[in-house]
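Report on the structure
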Amino acid sequence: FMNLISIPAFQDNYIWVLSEDDGRCLIVDPGEAAPVLRAISDNYWHPEAILLTHHHNDHVGGVKELLRHFPDIVVYGPEETRDKGVTHLVTQGDRLTILGAEFSVFSSPGHTLGHLCYFSFPYLFCGDTMFSGGCGRLFEGTADQMYESFCKINALPEDTIICCAHEYTLTNIKFALSILPEDRELNEYYLKVKELRAKNQKTLPTTLKNERRINIFLRTQDPDLAAVINQETNLLQPNARFAWLRSKKDNF
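Okay, so let's go over this structure. Please read all numbers here as calculations on a predicted model, not as lab measurements.

Scoring rules and cut-offs
- Residues numbered from 1 in each chain as written.
- Predicted model: local features only at pLDDT ≥ 70, side-chain atom pairs only at ≥ 80, totals over all residues.
- Heavy atoms only, no water.
- Helix = DSSP H or I, 4+ residues; strand = E, 2+ residues; numbered from the N terminus.
- Rg over C-alpha atoms; globule rule 2.2 N^0.38 Å.
- Contact = heavy atoms within 4.5 Å.
- Phe/Tyr/Trp six-rings, centres within 6.5 Å; stacked < 30°, edge-to-face > 60°.
- Buried < 20%, exposed > 50% of the residue type's maximum accessible area, 1.4 Å probe, protein only.
- Axes fitted to C-alpha atoms, helices over the stretch in contact; angles between N-to-C directions.
- Left-handed = near helix turned anticlockwise from the far one by under 90°.
- Nonpolar A, V, L, I, M, F, W, Y, C, P; charged D, E, K, R; others polar.
- Pairing = 2+ DSSP bridges.
- Salt bridge = Lys/Arg side-chain N within 4 Å of Asp/Glu carboxyl O.

Some points on the overall build of the protein
Check the secondary structure of the protein and you find 9 helices and 14 strands. Radius of gyration (C-alpha) of the protein: 18 Å, near the 18 Å computed for a compact globule of 252 residues. Taking the principal axes of its C-alpha atoms as reference, the protein extends roughly 60 × 40 × 30 Å. Taking as baseline every contact in the protein between residues at least 6 positions apart, the subset at least 24 positions apart corresponds to 60%.

Here you go:
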């Protein structure tokens, strides 16, 4: 496996880097260039490629500056990132070979309409689709689209390492506990995450196995959750429960 590193950016973003022992590396969603350039210099990296998941500035803002320093970097991204420094537009079903690894590209609309995920086992770069314990805000897409995107992620192997782009875990678990206050797994995880954050330590990356336990948005088939929702409204379909959760989270 390659070396996985997360570089903190802005208030709560993570820019992910996969590097080989020979220093070649791949950068995901560089929202700002300065911390990436520092890490490249500190680690003697040779950046070969950038992956972009969507067009928001906190994911693409550093691309043009990085290209000024390293004009040979190949920048992959969806159509919605066309004017953000992309050299190769990619779409659902594409396969890329980077640093000798094969990445499959799949669409994950919801947060934005053109959002993409990149998967090369065991690594999933999911941008703002899934967070640990949560899901991205629906800025452009619908809850149904985001539910379908979650189904795609949930179909991956359980030992998939999920590289989310924001440190939102603590808030997400607090929200989940507001819905399922008695849940043992959630309560245990909350204490663990609270302790990590108190020491200013990262809660990411996470694994799909872990998310299936603690991410309430992956638990729309869960009888406990259905029972809570049914106190308010009778939703029989998992996508409808997902939408109910997302609207609750918007107002949390």
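A word on the packing of aromatic side chains
With the rule as written, the count across this model stands at 9 aromatic pairs. Relative to Tyr168, the ring of Phe131 lies with its centre 4.8 Å away and its plane at 75°, an arrangement referred to as edge-to-face. In this pair, Phe131 is assigned in strand E11 (residues 130-131) and Tyr168 in the loop between strand E13 (161-163) and helix H5 (169-179), connecting sequence segments 37 residues apart. Among the residues examined, Tyr168 registers a relative accessible area of 30% and is labelled partly exposed. Taking 5.2 Å as the distance between ring centres and 65° as the angle between the ring planes, the aromatic pair formed by Phe217 and Phe242 counts as edge-to-face. Of this pair, Phe217 sits in the loop between helix H7 (208-214) and helix H8 (223-230) while Phe242 sits in helix H9 (residues 238-250), and the two are 25 residues apart along the sequence. As far as the burial class goes, Phe217 and Phe242 line up, both buried. Within the aromatic cluster, the residues linked to one another by ring pairs are Tyr147, Phe150, Phe175, Phe217, Phe242 and Phe252.

Some points on the packing of H5 against H9
At their nearest, the axes of H5 and H9 sit 11 Å apart, and the two run at 115° to each other. As for the relative orientation of H5 and H9, their crossing is right-handed in sense. Across from Thr171, Asn172, Phe175 and Ile179 in H5, the residues of H9 making contact are Trp244, Leu245, Lys248 and Lys249. By residue class, the composition of the contact of H5 with H9 is 4 nonpolar, 2 polar and 2 charged.

So, unusual backbone geometry
In this structure, Pro122 follows Phe121 across a cis peptide bond, with omega equal to 5°. Structurally, Pro122 can be placed in the loop between strand E9 (116-120) and strand E10 (123-125). The step from Leu204 to Pro205 runs through a cis peptide bond, and the omega angle for that step is 0°. Here Pro205 lies in the loop between helix H6 (184-198) and strand E14 (206-207).

Thoughts on the sheet that holds E9
By way of backbone hydrogen bonds, the strands of a sheet pair with one another, either parallel or antiparallel. With mixed pairing, 6 strands are arranged side by side in an open sheet as E7-E8-E9-E10-E13-E14. Only two strands of the sheet have a single neighbouring strand rather than two, namely strand E7 (95-98) and E14. Where E9 and E10 come together, 3 bridges link them in antiparallel fashion. Among the inter-strand pairings, Ser120 is bridged to a residue of E10, identified as Tyr123. Those strands touched by helix H4 (residues 143-154) are strand E8 (101-107), E9, E10 and E13, and its axis lies near 155° from that of E8.

Remarks on the sheet that holds strand E3 (residues 24-28)
Read from one edge to the other, the open sheet built from 6 strands follows the order E1-E2-E3-E4-E5-E6, with strand pairing classed as mixed. In the strand order of this sheet, the two ends are held by strand E1 (3-9) and strand E6 (88-89), each with one partner. Inspection of the sheet shows E1 paired to strand E2 (residues 13-19) by 7 bridges, in the antiparallel sense. Residue pairing for E2: Ala9 is matched across the bridge by Asn13.

With respect to the pattern of salt bridges
By the definition in use, this model includes 14 salt bridges. The salt bridge partner of Glu65 is Arg68, with a shortest N-O separation of 2.4 Å. Note that Glu65 and Arg68 are positioned in helix H3 (residues 63-69) at a spacing of 3 residues, about one turn of the helix. According to the relative accessible area criterion, Arg68 is exposed, its value standing at 64%. When the shortest N-O distance is used, the salt bridge between Asp183 and Arg219 registers 2.6 Å.

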